[in-house]
Amino acid sequence: MLSMTSLHPDRLLPADPGTRDIARRLYAATASLPIISPHGHVPPEWLAEDVPFADPTALLLSPDHYIFRLLHAQGVPLADLGVAGTALDEQGSRRAWRLFCENWTAFRGTASRYWMENVLGDVFGLTDTPSATTADTLYDSIAAALTTPEFRPRALAKRFGISVLATTDDPVDSLEHHRALRADTRFKTRVAPTFRPDRYLESSRPDFAELTKALGHAADIDTSTYGGYIAALEDRRRHFKDHGGVSTDHSHTDVVTLTLEPGEAARIYAAALSGEASEAEATAFRRHMLVEMARMATEDGLVMTLHPGSLRNHHAPTFDRFGPDTGHDIPIGVEFTRGLQHLLGRFGTVEGFQLILFTLDETVFSREIAPLAGFYPSVYAGAPWWFLDAPEAVRRYRGAVTETAGFHRTSGFIDDTRAFLSIPARHDMSRRLDAAYLAQLVAEHRLGEDEAHETAIDLVTTIPTRAFKL
Amino acid sequence: MLSMTSLHPDRLLPADPGTRDIARRLYAATASLPIISPHGHVPPEWLAEDVPFADPTALLLSPDHYIFRLLHAQGVPLADLGVAGTALDEQGSRRAWRLFCENWTAFRGTASRYWMENVLGDVFGLTDTPSATTADTLYDSIAAALTTPEFRPRALAKRFGISVLATTDDPVDSLEHHRALRADTRFKTRVAPTFRPDRYLESSRPDFAELTKALGHAADIDTSTYGGYIAALEDRRRHFKDHGGVSTDHSHTDVVTLTLEPGEAARIYAAALSGEASEAEATAFRRHMLVEMARMATEDGLVMTLHPGSLRNHHAPTFDRFGPDTGHDIPIGVEFTRGLQHLLGRFGTVEGFQLILFTLDETVFSREIAPLAGFYPSVYAGAPWWFLDAPEAVRRYRGAVTETAGFHRTSGFIDDTRAFLSIPARHDMSRRLDAAYLAQLVAEHRLGEDEAHETAIDLVTTIPTRAFKL
Amino acid sequence: MLSMTSLHPDRLLPADPGTRDIARRLYAATASLPIISPHGHVPPEWLAEDVPFADPTALLLSPDHYIFRLLHAQGVPLADLGVAGTALDEQGSRRAWRLFCENWTAFRGTASRYWMENVLGDVFGLTDTPSATTADTLYDSIAAALTTPEFRPRALAKRFGISVLATTDDPVDSLEHHRALRADTRFKTRVAPTFRPDRYLESSRPDFAELTKALGHAADIDTSTYGGYIAALEDRRRHFKDHGGVSTDHSHTDVVTLTLEPGEAARIYAAALSGEASEAEATAFRRHMLVEMARMATEDGLVMTLHPGSLRNHHAPTFDRFGPDTGHDIPIGVEFTRGLQHLLGRFGTVEGFQLILFTLDETVFSREIAPLAGFYPSVYAGAPWWFLDAPEAVRRYRGAVTETAGFHRTSGFIDDTRAFLSIPARHDMSRRLDAAYLAQLVAEHRLGEDEAHETAIDLVTTIPTRAFKL
């Protein structure tokens with residue numbers, strides 16, 4: 001990871017001097033260890049093709065929904081920020097950057113503020129505080145840096161010390177970029193695809209017939225029958241595994257699970273292909289398919305990760321204009337205990353099966369996830385995610401999970417980001433927070449410092465390696 | 001605000017000496033700024049008529065449901081406390097005060113204890129700890145003070161430095177007191193009415209026909225039709241606006257929203273007037289009317305505030321004897337993401353529309369309110385309210401909301417109280433807690449002290465001013 | 001309680017030196033006070049018969065579901081740990097102990113780690129850290145100690161300073177051990193049975209007819225009618241009371257309450273006896289019977305405690321092999337406000353009725369339990385329980401409950417354990433955490449140190465004594 005420049009070396013460490021001293025020593029043990037990023041959204045072509053980044057806005061603002069959503073709340077139109085492929089010329093990009101800098105105060109106390117400060121300070125070596133007056137200078141400095149070889153994606157991956165980087169990919173993806181990256185022995189970061197089949201499991205989608213056809217095409221299997229559909233999914237999982245994939249990811253509204261009679265599953269599948277499945281049937285089918293994914297995982301060994309509980313595209317007018325992933329996915333309450341009982345009844349103690357649970361609903365950390373991860377050998381408590389991957393939320397996560405499940409039943413940190421330049425800041429944040437949490441255990445005489453030291457290192461090495469089978 | 005006397009100057013500031021030093025400096029910047037109280041329940045006639053307060057019990061105990069509910073839990077009958085208009089003579093008042101003082105230990109650690117200590121110490125300059133032995137002396141001292149001109153409502157409002165005070169009023173209220181206060185140039189506090197139409201929107205009430213008739217009478221509009229009812233509501237909102245109103249307040253069980261077909265709304269309205277609307281129809285009508293309130297807000301510009309999730313009058317025998325607001329409104333879980341989707345789909349990005357969300361269910365702060373306020377330009381995260389407006393709960397609120405929505409998408413503090421004398425203590429508490437929270441951000445190097453200083457001031461000036469359009 | 005040996009005297013006290021000093025003084029005031037354990041699961045025969053404990057595994061691992069569940073999650077089969085009566089010979093016990101020691105790192109940060117460290121250090125005076133290399137030595141040391149008179153159950157109860165110990169017992173239990181203990185004037189600990197009728201109220205159980213027959217047999221009352229069934233329950237409660245019982249305990253999925261018409265209750269009862277009650281009828285009957293339990297409590301004065309919200313036997317294959325209480329009871333969300341409205345409407349203000357509410361769902365602490373306990377004279381906020389009886393969870397509990405309900409509306413600590421040797425560690429933990437919490441109130445100038453001192457003592461003396469009518 002990066003050495004620090006203008007940023008305070010003690011940031012995020014506890015204020016109490018005695019505890020801070022302990023935290024400093026613990027953090028020092030992990031600060032420069034390689035980054036393992038087993039779940040995220042960096043486009044693999046960036047690394048495969050190693051083309052320079054376009055401009056500050058296209059790199060730092062337009063793809064970062066944390067940033068553009070809060071600017072939108074402040075009254076800045078999404079179109080002015082180049083969101084969702086809205087084309088911006090140099091003038092537009094500069095203007096977007098200025099809008100961001102003018103609204104810098106709105107980010108005080110947010111995770112975005114923390115990460116961006118780290119990106120500007122550490123990655124670009126800039127010390128000016130963003131504001132109306134510094135906006136253009138900052139823009140120019142970043143734009144200039146982006147033209148240099150040091151700021152090409154691969155150089156940055158090396159500088160960041162990223163040893164493993166997982167992407168998130170469509171089941172029909174050829175994974176050509178992953179193939180190219182694996183073939184290239186000069187590039188040392190291991191880039192793993194992640195199988196994300198959500199929309200191929202949601203049979204009420206208007207494009208379901210089309211999607212399953214594409215799936216069949218990719219697998220070279222006739223998917224006009226349920227059997228073919230299952231075989232094609234199995235084939236594509238194999239394809240991902242052959243290209244270095246270690247996990248599959250699933251993000252539906254809930255995690256209710258059930259198993260349909262084979263005939264019933266086939267019947268609903270056929271009805272869905274002709275657009276005749278009811279909403280209830282489609283829901284049952286998706287819940288059945290989640291169990292099928294677990295069944296396949298017990299066979300091919302891919303780790304299964306669940307990211308439920310986001311109500312996608314909350315604001316219809318914004319969706320209609322800008323499409324998905326434009327800042328208005330809003331969390332809802334979620335339930336794991338009852339939802340997963342069927343799945344875990346079938347596979348919860350199957351050797352080699354691994355299931356990592358993420359949530360946007362904090363209430364389930366102590367109530368459901370930690371108790372599940374503290375009994376089932378297959379279940380891991382996933383790191384805080386999305387709205388919760390911020391300093392205080394991470395602190396609450398450790399407080400809610402550790403006393404029941406310890407550290408070894410957790411997943412290790414995931415950055416889950418497409419903001420490539422913020423990856424080191426996010427992992428560094430997590431290491432600082434873990435050091436702070438462990439330091440508190442030491443200061444309160446609940447853990448020896450030697451044990452805390454070992455745990456801090458485990459949390460960024462053996463723990464993610466085991467949870468994600470790396 | 002008040003200068004402190006016997007109370008510790010560092011109360012509520014962080015224990016860590018370094019962080020406390022920062023917090024002290026931040027608090028010093030806001031301690032004496034005027035109080036903006038944009039939502040509360042002080043009767044406007046107190047200020048309009050400026051009559052002396054009756055006695056210690058009538059002023060400090062009988063109207064304060066935080067106090068009398070905990071005394072009730074300790075076994076003190078409500079009737080002995082002058083609750084809900086139970087008449088108490090001098091003997092009874094003194095006896096009630098004694099019961100309170102004898103139970104002072106039961107309040108340890110509560111918000112009420114903190115406020116009352118501030119009221120006794122700061123407002124009355126008393127230093128005795130309430131107890132059986134000090135009860136009478138305290139009673140006499142307070143009673144004596146209340147006869148002096150310095151303790152008349154207007155003198156206190158001035159001494160407290162209240163620049164804005166919103167009351168909560170019935171739609172048919174003539175607002176004569178507000179008119180008188182606005183006409184009186186000697187009184188400097190701006191007193192704004194708040195339009196609170198709850199019961200006029202709940203068509204299953206047995207008195208609905210009567211209520212709508214009264215509404216029509218107040219507006220001089222025939223409310224026997226749905227169209228007239230809507231017009232009357234619009235008219236009364238205008239009336240409130242004309243008398244300085246800036247917001248409307250809505251406190252129903254849930255915040256589900258929907259829009260009925262015009263004919264359907266009219267049909268249910270007619271059925272309700274003749275007592276023939278079903279419970280389900282009445283619920284649909286209320287949810288529809290909440291959207292109508294938002295629609296009107298986009299037209300007249302009044303800010304809309306939601307205070308849902310209280311199950312009113314939990315204990316039927318107490319309600320039967322003492323009526324509403326007698327200490328047994330108990331919170332229930334609440335949901336905003338799905339509930340408000342329809343309303344926000346229609347008005348969420350309409351220029352000038354503002355919606356402030358309050359909750360008694362803490363789980364929605366990080367899960368729903370902060371994500372909504374971090375996307376929609378119309379949505380603000382309301383300050384902690386009722387059972388949650390206490391030091392640790394406020395701390396949790398900042399921790400849950402800030403990392404996603406920052407400070408500028410919040411409402412600023414509201415005291416929501418009818419305990420007039422506790423207003424400075426409550427606002428002072430909030431300023432201390434914000435100083436403490438900001439100091440921690442500074443101590444952990446997440447914010448510069450200059451930024452924290454500016455934010456602390458914003459939180460009691462520009463932020464409430466903007467959220468409530470003051 | 002015990003004096004400390006190798007364990008740090010300041011463990012669990014706040015890291016800030018000033019706050020720690022206060023906490024030390026507060027803790028010193030309670031550290032050696034007798035232990036009141038008003039709810040737990042120690043088998044009464046241990047004390048009645050005072051037989052030596054078998055071996056380290058049978059004493060410390062096999063009965064402790066916190067320990068064996070986390071070992072199971074780490075991949076250790078339950079059968080290897082002597083769980084649920086799986087017989088282990090000396091080899092097996094030693095091997096189980098070794099598996100535990102080898103997995104000691106998995107417990108870092110957990111409550112189990114904290115307790116076990118206290119048991120090894122304080123009860124046995126051992127200082128070796130468990131590991132593969134120390135496992136056998138530790139085993140031998142513990143096994144040797146267990147053969148000495150000092151480690152017989154009664155000697156330990158005396159050494160631990162346990163003044164009251166409640167067990168949990170079946171309604172048909174003869175309570176002969178309790179009778180023997182009460183008759184034995186040499187043994188000073190008061191051992192009270194607790195009436196736990198869950199399965200006798202769940203009429204959909206396949207063995208319901210058999211259970212009610214046994215109940216009738218115990219009470220010598222014909223339970224073939226609903227009237228007889230009620231009379232038998234009343235009789236057995238009396239039996240418990242006669243043997244020193246002070247409370248009844250109820251642990252169902254939810255706490256919804258209702259009262260059936262007498263004829264309807266009798267009808268469902270009759271249907272259930274012949275196996276013909278529907279699931280819905282059985283649920284209604286159970287909810288009705290919870291109210292009947294409250295009604296009986298208003299008559300016989302037994303305190304009623306509720307422990308809802310655990311989904312029992314989550315993993316069917318484990319249940320099939322090992323039976324209940326084998327580590328896979330997983331919490332679910334729970335609701336009290338609406339659920340208890342009917343019961344509290346009937347009995348909430350009845351003199352002498354006492355209802356203690358426990359939860360595994362933390363969200364209800366601030367939202368429902370504290371508001372209920374802050375109004376109803378009958379309701380007490382139960383101490384954190386099961387997955388929540390760990391340092392940080394206890395801290396969150398105090399933070400969530402105190403500001404609304406204070407300290408005097410809480411139950412005092414319960415250990416709820418069958419891990420007899422951990423009882424002093426658990427109570428000591430609670431006293432340290434209360435000292436820490438109170439010290440923070442003092443450090444933030446919300447409470448005088450004299451008040452905090454008094455409160456710390458109340459929390460382990462008058463408060464549990466009052467809540468459980470001891």
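For clarity, every value in this text was computed on a predicted model and none was experimentally measured. (Residues numbered from 1 in each chain as written. Chains lettered and ligands numbered in written order. Predicted model: local features only at pLDDT ≥ 70, side-chain atom pairs only at ≥ 80, totals over all residues.)

Scanning chain A from N- to C-terminus turns up 21 helices and 10 strands. In chain A, which comprises 470 residues, the proportion classed as buried is 59%. By sequence separation, contacts in chain A at least 24 residues apart represent 76% of the contacts at least 6 residues apart. (Helix = DSSP H or I, 4+ residues; strand = E, 2+ residues; numbered from the N terminus. Buried ≥ 20, exposed ≤ 12 C-beta atoms within 10 Å, placed from the backbone. Contact = placed C-beta atoms within 7 Å.)

Turning our attention to the interface of chain C and chain A. Facing the 40 residues of chain C at the interface are 39 residues of chain A. Listing elements by their share of the side of chain C that touches chain A, those giving two or more residues are helix H4 (65–73), helix H6 (111–123), helix H15 (316–322), strand E8 (330–331) and helix H18 (391–405) of chain C. Here the side of chain C that touches chain A gets 4 residues from one element, more than from any other, and that element is H4(C). Taken together, the residues of the side of chain C that touches chain A sort by class into 21 nonpolar, 11 polar and 8 charged. (Nonpolar A, V, L, I, M, F, W, Y, C, P; charged D, E, K, R; others polar.)

Okay, the relation of the copies chain A and chain B next. For the pair chain A and chain B, the superposition axis carries a translation of 0.0 Å, the fit reaches an RMSD of 0.0 Å, and the rotation angle comes to 120°. Here the two chains are linked by the operation of a three-fold rotation axis. Nearest to the rotation axis, the C-alpha of A:Asp16 is located 3.5 Å from it, this being the minimum over chain A. (Least-squares fit on C-alpha atoms with pLDDT ≥ 70 in both.)

This part covers the sheet that holds strand E2 (residues 162–166) of chain C. Residues and elements named next belong to chain C. Taken in spatial order, the 3 strands of this open sheet run E1-E2-E3, and their pairing is parallel. Since the sheet does not close on itself, it has two edges, and those belong to strand E1 (35–37) and strand E3 (190–192), each with one partner. Across the sheet, the mean angle separating the axes of adjacent strands is 10° when strand polarity is ignored. In terms of strand pairing, E1 meets E2 through 3 bridges, oriented parallel. Each residue of the ladder has a partner; that of Ile35, found in E2, is Ile162. (Pairing = 2+ DSSP bridges. Axes fitted to C-alpha atoms, helices over the stretch in contact; angles between N-to-C directions.)

Turning our eyes to something else, we now look at the relation of the copies chain C and chain A. The transform that puts chain C on chain A rotates by 120° and translates by 0.0 Å along the axis, for an RMSD of 0.0 Å. In this assembly, only 5% of the residues forming the interface of chain C have copies in chain A that are likewise at the interface, indicating a heterologous arrangement.

Before going further, it helps to spend a moment on helix H20 (residues 449–460) of chain C. Residues and elements named next belong to chain C. Under the 1.5 Å per step criterion, the end-to-end length of H20 is 17 Å for 12 residues, consistent within 8% with the ideal 16 Å. Buried within H20 we find Ala452, His453, Thr455, Ala456, Asp458, Leu459 and Val460. In this structure, the buried side of H20 is in contact with helix H1 (17–30), E1, helix H19 (423–443) and helix H21 (462–467). (Expected span 1.5 Å × (residues − 1).)

This brings us to the interface of chain A and chain B. If you look at the interface, chain A gives 40 residues, while chain B gives 39 residues. Going through the elements one at a time, helix H4 (65–73), helix H6 (111–123), helix H15 (316–322), strand E8 (330–331) and helix H18 (391–405) of chain A are the ones with two or more residues in the side of chain A that touches chain B. It is H4(A) that contributes the most residues to the side of chain A that touches chain B, 4 residues altogether.

To summarise the sheet geometry, strands pair through backbone hydrogen bonds and adopt either a parallel or an antiparallel arrangement. All names here are of chain A. Spatially, 5 strands are ordered E4-E5-E6-E9-E10 in an open sheet, and the strand pairing comes out parallel. The open sheet has two edge strands, strand E4 (194–195) and strand E10 (379–381), and neither has a second partner. In this structure, E4 lies alongside strand E5 (residues 247–250), joined through 2 bridges in parallel fashion. Following the sheet pairing, Thr194 is matched in E5 by Ser247. Lying over the sheet, helix H14 (residues 279–300) contacts E5 and strand E6 (303–306), oriented at roughly 170° with respect to E5.

With that settled, consider the packing of helix H1 (residues 17–30) of chain B against helix H19 (residues 423–443) of chain B. Geometrically, a packed helix pair is captured by the angle between its two axes and the distance between the axes. Residues and elements named next belong to chain B. Remark: H1 packs on H19, axes separated minimally by 8 Å, with the N-to-C direction vectors making an angle of 135°. Relative to H19, the element H1 is oriented oblique. The two elements H1 and H19 meet at a crossing, and its hand is right-handed. Touching Gly18, Thr19, Ile22, Ala23, Leu26, Tyr27 and Thr30 of H1 are Arg431, Arg432, Ala435, Ala436, Leu438, Ala439, Gln440, Val442 and Ala443, all from H19. (Parallel < 35°, antiparallel > 145°, perpendicular 65-115°, else oblique. Left-handed = near helix turned anticlockwise from the far one by under 90°.)

All names here are of chain A. Taking every second residue as pointing to the same face, both faces of E5 are buried, with Ser247 and Asp249 on one and Thr248 and His250 on the other. Summarising the sheet, E5 and E6 pair through 4 bridges and their orientation is parallel. Within E6, the residue paired with Asp249 across the bridge is Thr305.

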